[in-house]
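# Commentary on secondary and tertiary structure
The lines below spell out each chain.
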Amino acid sequence: MKPAELKDLIINSLSVDNNTEDNMRKLEELGVKYSFGEGFREKVLDRIFSAAVSVNREVEFVRSMSTIFYRIALTGVAAIVILLISIFLTEGSLSFNSFLGLSNNYDESIICLLTGN
Amino acid sequence: MVKESYSGSVEDQLVKSSIEGDKNAFGEIVGRYQGMVARTIKGMLGDSVFSDDIGQEVFIKLYYSLSGFRGEAKLSTYIQKIAVNLTLNEIKKRKRFFSMFSQKGNAEMHEFEVADQDNEGRKDAREIVDKALMKMEPKFRIILTMRMLQGYSTKETAEILGLPLGTVLSRLSRAQEQLRGILNKLS
């Protein structure tokens, strides 16, 4: 194709009444083709799905952490309840002194205990 | 065939499977439309490694926005809109970059875009088309890309670019004028 014909072909693609598809086909035949590099599709899929895998791993980690925390919290609550019951059974009340184990001691006996006299 | 057109039901199924995380289904969509996206991006930005990166971004954005695709427009139109938006954003970024370092701004950006071409094994027609495209203002370049490289009608071009038909028509005639001047200088 002569340069003048090519020029007309390019300019005509902007004419309103032009058959753009036909024009495009002619240009393609002249070597006006565009494509991405080799392995484009694989690169796109890798970027999407490897990112999805790492997000899944993060979600899994957070989920297992919350499960562990839930179990620890439950065990802790159960231990506190058992402790309170045992204090109540041994001391007969749930006062502050009974928590500290001081309910049956007089002040003097504490002083004796601390000073050794 | 210039414009990609596939059976609606098959495409619906591909979209549905892709949303569910089917890698092969999304791979099929990429395979079907990568040529169309390449024409838009390389027509607008030139044939460089940056274009491949933007192409990848188009499909990544498509994947994460597929759940919002309601099928009211064709999938090809939806993809084309993403490609156009990302390409225009890239041009804005380049323009900002060049205007930061030079008062010439646009002129230097055009020089960069033309120099950025991979000319290895390029045929004459392709070289002329690329040079003409790169020398055009972006708002005319996108119209020429849609018409010349994608084979879209004026109505389709307006729909994809989100412009009124009247605006596209006036840009067509101004772009034609600019293109004529550029091609005369080239030859």
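Residues numbered from 1 in each chain as written. Chains lettered and ligands numbered in written order. Predicted model: local features only at pLDDT ≥ 70, side-chain atom pairs only at ≥ 80, totals over all residues.

## Side note on the overall build of chain B
A count of helical and extended segments in chain B gives 9 helices and 0 strands. In chain B, the order of α-helices and β-strands from amino to carboxyl end is α-α-α-α-α-α-α-α-α. A total of 187 residues make up chain B; the buried ones form 39% of that total. For chain B, the share of sequence-separated contacts (at least 6 apart) that also reach a separation of at least 24 residues comes to 64%. (Helix = DSSP H or I, 4+ residues; strand = E, 2+ residues; numbered from the N terminus. Buried ≥ 20, exposed ≤ 12 C-beta atoms within 10 Å, placed from the backbone. Contact = placed C-beta atoms within 7 Å.)

## Observations concerning the overall build of chain A
Along the backbone of chain A there are 5 helices and 0 strands. If you list the helices and strands of chain A from N to C, you get α-α-α-α-α. Within the span of chain A, comprising 117 residues, buried residues form 12% of the whole.

## Digging into the interface of chain A and chain B
Contacts between the two partners involve 29 residues from chain A, matched on the other side by 41 residues from chain B. Those elements that provide at least two residues to the side of chain A that touches chain B are helix H1 (3–12), helix H2 (20–29) and helix H3 (40–91) of chain A.

## Some points on the environment of Gln 178 of chain B
Residue and element names in this part refer to chain B. As for its position among the elements, Gln 178 is in helix H9 (residues 165–186). Put simply, Gln 178 and Lys 135 are 43 residues apart on the chain and 9.4 Å apart in space, counted from C-alpha to C-alpha. When near neighbours in sequence (up to four residues on either side) are disregarded, Gln 178 contacts Met 136, Glu 137 and Phe 140.

## What to know about helix H7 (residues 138–149) of chain B
Residues lying three or four places apart along an α-helix face the same way, a consequence of the helix completing one turn every 3.6 residues. Residue and element names in this part refer to chain B. When you tally the buried positions in H7, you get 10 out of 12 residues, the bulk of the element. Looking at H7, one finds that the buried residues are Phe 140, Arg 141, Ile 142, Ile 143, Leu 144, Thr 145, Met 146, Arg 147, Met 148 and Leu 149. Taken from the residues just after H7, Gly 151 is the one with a positive phi, measuring 75°.

## Here's the deal with the packing of helix H6 (residues 124–135) of chain B against H9 of chain B
Residues and elements named next belong to chain B. Between H6 and H9, whose axes approach to 10 Å, the crossing angle comes to 130°. Overall, the two elements H6 and H9 adopt an arrangement that is oblique. Considering how the two elements wind past one another, H6 and H9 form a crossing that is right-handed. The segment H6 lies against H9, with Ile 128, Lys 131, Ala 132 and Lys 135 engaging Leu 179, Ile 182, Leu 183 and Leu 186. Its residues placed into classes, the contact of H6 with H9 shows 6 nonpolar, no polar and 2 charged. (Axes fitted to C-alpha atoms, helices over the stretch in contact; angles between N-to-C directions. Parallel < 35°, antiparallel > 145°, perpendicular 65-115°, else oblique. Left-handed = near helix turned anticlockwise from the far one by under 90°. Nonpolar A, V, L, I, M, F, W, Y, C, P; charged D, E, K, R; others polar.)

## Describing the packing of H7 of chain B against H9 of chain B
All names here are of chain B. Running from N to C, H7 and H9 cross one another at 100°; their axes reach a closest spacing of 9 Å. Comparing the axis directions of H7 and H9 gives the class roughly perpendicular. Along its contact with H7, which presents Lys 139, Phe 140, Ile 143 and Leu 144, the element H9 presents Val 168, Arg 171, Leu 172, Arg 174, Ala 175, Gln 178 and Leu 179. Taken together, the residues of the contact of H7 with H9 break down into 7 nonpolar, 1 polar and 3 charged.

## Looking at helix H2 (residues 23–45) of chain B
Residue and element names in this part refer to chain B. Over its 23 residues, H2 extends only 29 Å from the first C-alpha to the last, a length that falls short of the 33 Å expected when each residue adds 1.5 Å. Tyr 33 marks where H2 bends most, by close to 50°. Downstream of H2 by a residue or two, Gly 46 has a phi angle that is positive, lying close to 95°. (Expected span 1.5 Å × (residues − 1). Bend = angle between axes of the 7 residues up to and from the residue.)

## A closer look at the confidence of the model for chain B
Residues and elements named next belong to chain B. Averaged over all residues, the pLDDT of chain B equals 84, while 82% of them reach at least 70. The weakest mean pLDDT in chain B belongs to helix H5 (residues 106–115) at 55; the strongest belongs to H2 at 93. The low-confidence segment residues 118–123, where pLDDT is below 50, has 4 contacts with residues more than four positions distant or belonging to other chains. This complex was scored by the predictor with a pTM of 0.69 and an ipTM of 0.76. (pLDDT = per-residue confidence, 0-100.)

## A look at the confidence of the model for chain A
Looking at chain A as a whole, the pLDDT averages 83, with 92% of positions reaching at least 70. Element-level mean pLDDT values for chain A span from 73 in helix H5 (residues 107–115) of chain A up to 87 in H3 of chain A.

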